[in-house]
Amino acid sequence: MANRTVTIINGDGIGPEVMAATVRVLEALKLPLEFEYKDAGTEVIAKYGTNLPHETVEAVLRSGVALKGPTGTVVGGGMPSANVGLRKRLDLYSSLRPVKSVPNVKTRYEDVDLIVVRENTESLYAGLEHIIVPGVVESLKIITEKASTRIARFGFEHAKKLGRKKVTAVHKANIMKLSDGLFLDCCRKVGREYPEIQYEEFIIDNLCMQLVKDPTRFDVLVLENLYGDIVSDLCAGLVGGLGVVPGANIGERTAVFEAVHGTAPDIAGKGIANPTALMMSAVMMLEWLDMRDESKRMANAIQKVYTEGKVRTGDLGGGATTRDFTEAIIAAL
Ligand code: NAD
């Protein structure tokens, strides 16, 4: 069987470090995969004149799957983020973030196990902003029936595939009656096609409070783009932070798997970054590629290292380097 090509995008800051660690583990699994490295991020702007070179997008379109490290963004002004660009150009309409408690990572809750499904292409992220008169800016929130139905269906299908019991649609339709109202209508309609899955609705502010009070009552959350962005990080915080949570951006034919943390400029180049998030994203990627046994092997190895609790990186209170951690995972395979 021919090897499957995976596009690798190192990204900025700690990106190359956590990516090298993850690729080492993938190589140790001896999979029929070939890695094709492509550039994106702020550190390659000088070379290409853009943070998302055309050839990178073309490579992902060809391979259909990419593993990506974090890329930096310029706050206020400058070019759009490489992430938003990739999502738009590849129509990666859904963001999937499983949030599960990690053994020996001390947090307020020990049994969190929920999935955040975020619409990835519209809402306020459409980037439609303009100055009406100096001092007054308008930012447009776009919600369409097509994108809302598509994400609701993705959420229910994913819940069904994993045998999940409940889908919660999240909104602020009491205030944004038209936009969030449409989103909610689409979720309700799709929900009726899945009578075996319980459906409920939560207003975003109440959801945040309930998540902090007791996250274990939630199963699969479906949200429009901005709420999804914020709630994803809130949920990551419930299980130990951005260093231990994986993520995927999935379209009809293409998927990009990436850690959800940023480029961590404060620790970049020091060899102490935690590669768990990207490794767990690689676990999701193997599952998506239908390499289920290998995906389980890698997930079990990560689980084992955390259960033993001897090798941990600085962000989780340990003293291990990225290399120490990677070697522990490879030994556990
Ligand atoms: P950040 O996630 O980079 O850092 C927040 C804190 O978490 C820092 O103290 C950092 O050291 C720590 N941290 C993050 N990942 C870690 C890891 N794997 N191991 C150990 N510690 C880790 O967030 P930020 O500082 O707000 O953002 C920095 C840059 O990253 C910005 O340019 C931002 O736009 C970008 N960013 C990119 C992505 C992405 O590409 N997916 C996501 C978020 C932020």
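The structure this text deals with has already been given above.
Criteria and cut-off values
- Residues numbered from 1 in each chain as written.
- Predicted model: local features only at pLDDT ≥ 70, side-chain atom pairs only at ≥ 80, totals over all residues.
- Helix = DSSP H or I, 4+ residues; strand = E, 2+ residues; numbered from the N terminus.
- Expected span 1.5 Å × (residues − 1).
- Buried ≥ 20, exposed ≤ 12 C-beta atoms within 10 Å, placed from the backbone.
- Contact = placed C-beta atoms within 7 Å.
- Core = buried A, V, L, I, M, F, W, Y, C linked by C-beta atoms within 7 Å.
- Pairing = 2+ DSSP bridges.
- Axes fitted to C-alpha atoms, helices over the stretch in contact; angles between N-to-C directions.
- Parallel < 35°, antiparallel > 145°, perpendicular 65-115°, else oblique.
- Left-handed = near helix turned anticlockwise from the far one by under 90°.
- Nonpolar A, V, L, I, M, F, W, Y, C, P; charged D, E, K, R; others polar.

Draft legend 1. Molecular detail of helix α1 (residues 15–28). For α1, which comprises 14 residues, the first-to-last C-alpha distance of 20 Å matches the rise-based estimate of 20 Å (1.5 Å per residue) to within 8%. Taken together, the buried positions of α1 are occupied by Gly15, Glu17, Val18, Met19, Ala21, Thr22, Val23, Val25 and Leu26. Here the buried face of α1 lies against β1 (4–9), β2 (33–38), β3 (65–68), α9 (276–288), α10 (292–308) and α11 (322–332). Of the residues flanking the end of α1, it is lysine 30, one or two places downstream, whose phi is positive at about 50 degrees.

Draft legend 2. The arrangement of the environment of glycine 13 in detail. Relative to the elements of secondary structure, glycine 13 occurs in the loop between β1 and α1. The buried category is assigned to glycine 13, around which 25 C-beta atoms lie within 10 Å. Sequence separation of glycine 13 and lysine 172 is 159 residues, and the distance between their C-alpha atoms is 36 Å. Glycine 13 has contacts with Pro70, Gly72, Thr263, Ala264, Pro265 and Ala268, leaving out every residue within four places of it along the chain.

Draft legend 3. Molecular detail of the nonpolar core. In this structure, Leu221, Val222 and Ala282 are the most contacted members of the largest nonpolar core, which totals 86 residues. Broken down by element, this core gets its largest block of residues, 9 residues, from α9.

Draft legend 4. Here's a closer look at the sheet that holds strand β11 (residues 248–250). Read from one edge to the other, the open sheet built from 10 strands follows the order β2-β1-β3-β12-β11-β4-β5-β10-β8-β9, with strand pairing classed as mixed. Of all strands in the sheet, those bounded by a partner on one side alone are β2 and β9 (198–203). For this sheet, the mean angle separating the axes of adjacent strands, direction not counted, is 25 degrees. Examined bridge by bridge, strand β4 (residues 94–100) and β11 share 3 bridges and lie antiparallel to one another. Paired with leucine 96 across the strands is alanine 248, a residue of β11.

Draft legend 5. Geometry of the packing of α1 against α11. Close contact between α1 and α11 brings their axes to 10 Å; oriented N to C, the two are set at 15 degrees. Here α11 runs roughly parallel to α1, going by the angle between their axes. Every pair of crossing elements has a handedness; the one defined by α1 and α11 is right-handed. Between α1 and α11, the contacting residues are Glu17, Val18, Ala21, Arg24, Val25 and Ala28 on the first element and Thr322, Thr326, Ile329 and Ile330 on the second. The class makeup of the residues in the contact of α1 with α11 is 6 nonpolar, 2 polar and 2 charged.

Draft legend 6. Here's a closer look at the pairing of strand β12 (residues 255–258). Because side chains alternate across β12, one face comprises the buried residues Ala255 and Phe257, and the other comprises Val256 and Glu258, equally buried. In this sheet, β12 lies alongside β3 in parallel orientation, the contact comprising 4 bridges. Paired with valine 65 across the two strands is alanine 255, which belongs to β12. With 3 bridges joining them, β11 and β12 adopt antiparallel strand pairing. For asparagine 249, the partnering residue across the bridge sits in β12 and is valine 256. Counted along the chain from β11 to the antiparallel partner β12, the turn is 4 residues long.

Draft legend 7. Molecular detail of the environment of tyrosine 93. If you trace the backbone, tyrosine 93 turns up in the loop between α4 (82–89) and β4. Separated by 27 residues in the primary sequence, tyrosine 93 and asparagine 120 place their C-alpha atoms 4.8 Å from one another. Those residues in contact with tyrosine 93 that sit more than four places away from it in its chain are Glu119, Asn120, Thr121, Ala147, Arg150, Ile151 and Gly251.

Draft legend 8. Geometry of the environment of arginine 188. One can find arginine 188 in helix α6 (residues 179–191). Along the backbone, arginine 188 and tyrosine 125 are 63 residues apart, and their C-alpha atoms lie at a distance of 23 Å.

Function cannot be inferred from these measures alone, as they are strictly geometric.
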